[in-house]
Amino acid sequence: MAIDLLDHKLDRAFDHIDAAGRGVVDREDLLGLGARLLVGFGESPTSVTGSALVEGFDRIWAELVAALGRDEDADVTREDFRLGMTAAFVKGDRYEPVFHPAAVAVAGLCDSGGDGYAGPQEFRALLAAFGTGHDDADAAFDRLDTTGRGVLTVAELVRAARDFYTGEDPEAPGNWLFGPL
């Protein structure tokens, strides 16, 4: 069951990248997700945060295709995406040095006040870039806000990303990162 859960979450991640619905993704599709995030938060790709996000997404793509034995211009199918993500970031050792900094950059976009917290509005803006509707974003926020404070810390968002992209625990709060599965 845990593998089915992880495959389901990785399929959702593939769909976040495949905004055009082509059934394959490439580097430009992943950078397009990054662009949607930056636009949603009014952040320049040349700012410190924007540069970290773009570089992080580039590094994720490079590791994904390397795990598949392909060059960076390759198209990746849904099944290949699952295989590459699992090889590089779930079973492989590339999560901490590659995926984690990108997750920090994405979560940092939500910290508009620079205080280490993201409120519901910032979280909705984050999830809108991934194609998640407001109702699902609100449900996800409520599930991730395990303390009931009405805010999420950047660290909680980063932990939720790790749960979502690599976790096999069906009870992990991060499974709700993008709304109900």
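Whatever comes next refers back to the structure up there.
One structure accompanies this document, and this report is about it. Bear in mind the structure is a predicted one, so any value in this text is a computation, not a measurement. (Residues numbered from 1 in each chain as written. Predicted model: local features only at pLDDT ≥ 70, side-chain atom pairs only at ≥ 80, totals over all residues. Heavy atoms only, no water.)

Description of the overall build of the protein
For step 1, the next point in the chain: From N to C terminus, the protein includes eight helices and four strands.
For step 2, the next point in the chain: Each helix and strand of the protein, placed in order from N terminus to C terminus, yields the pattern α-β-α-α-β-α-α-β-α-α-β-α.
For step 3, the next point in the chain: By the compact-globule yardstick of 16 Å for 181 residues, the protein fits well, its C-alpha radius of gyration being 15 Å.
For step 4, the next point in the chain: On the principal axes, the C-alpha backbone points of the protein span a range of 45 × 40 × 30 Å.
For step 5, the next point in the chain: Residues classed as buried in the protein amount to 44% of the 181 residues present.
For step 6, the next point in the chain: Residue pairs at least 24 apart in sequence account for 62% of intrachain contacts in the protein once pairs closer than 6 positions are excluded. (Helix = DSSP H or I, 4+ residues; strand = E, 2+ residues; numbered from the N terminus. Rg over C-alpha atoms; globule rule 2.2 N^0.38 Å. Buried < 20%, exposed > 50% of the residue type's maximum accessible area, 1.4 Å probe, protein only. Contact = heavy atoms within 4.5 Å.)

Observations concerning the packing of helix α4 (residues 78-90) against helix α5 (residues 95-109)
Between two packed helices, both the angle of their axes relative to each other and the distance between the axes serve to describe the pair.
For step 1, the next point in the chain: Running from N to C, α4 and α5 point in directions that differ by 110 degrees, and their axes come no closer than 9 Å. Classed by the angle they form, the pair α4 and α5 counts as roughly perpendicular. Contacts from Met85, Ala88 and Phe89 in α4 reach Tyr95, Val98 and Phe99 in α5.
For step 2, the next point in the chain: Class assignment of the residues belonging to the contact of α4 with α5 gives a composition of six nonpolar, no polar and no charged. (Axes fitted to C-alpha atoms, helices over the stretch in contact; angles between N-to-C directions. Parallel < 35°, antiparallel > 145°, perpendicular 65-115°, else oblique. Nonpolar A, V, L, I, M, F, W, Y, C, P; charged D, E, K, R; others polar.)

Some points on the pattern of salt bridges
For step 1, the next point in the chain: Considering all chains together, one arrives at 12 salt bridges under this definition.
For step 2, the next point in the chain: Across the salt bridge formed by Arg22 and Asp26, the nearest N and O atoms sit 3.7 Å from each other.
For step 3, the next point in the chain: You can call Asp26 buried: its relative accessible area is 18%. (Salt bridge = Lys/Arg side-chain N within 4 Å of Asp/Glu carboxyl O.)

Digging into the environment of Leu157
For step 1, the next point in the chain: Examined against the element boundaries, Leu157 turns out to sit in helix α8 (residues 154-166).
For step 2, the next point in the chain: Placed 112 residues apart in sequence, Leu157 and Pro45 show a C-alpha to C-alpha distance of 21 Å.
For step 3, the next point in the chain: Filtering out sequence-adjacent residues up to four positions away, Leu157 remains in contact with Ala107, Cys110, Ala118, Phe123 and Leu152.

Section: the nonpolar core
For step 1, the next point in the chain: Among the nonpolar cores identified, the biggest contains 52 residues, and Leu37, Phe57, Phe123, Leu126 and Tyr165 are the most heavily contacted of them.
For step 2, the next point in the chain: Every element with two or more residues in this core is listed here: α1 (2-17), α2 (27-40), α3 (48-67), α4, α5, α6 (120-129), α7 (134-144) and α8.
For step 3, the next point in the chain: Apart from residues lying up to four places away in sequence, Tyr165 is in contact with Leu6, Leu10, Ala13, Met85, Val90, Phe99, Phe130 and Phe178. (Core = buried A, V, L, I, M, F, W, Y, C linked by side-chain atoms within 4.5 Å.)

A closer look at the environment of Ala88
For step 1, the next point in the chain: Along the polypeptide, Ala88 turns up in helix α4.
For step 2, the next point in the chain: When the C-alpha positions of Ala88 and Leu64 are compared, they lie 6.3 Å apart, and in sequence the two are 24 residues distant.
For step 3, the next point in the chain: Look past the residues within four positions of Ala88 in its chain and what remains in contact with it is Glu63, Ala67, Asp93, Arg94 and Tyr95.

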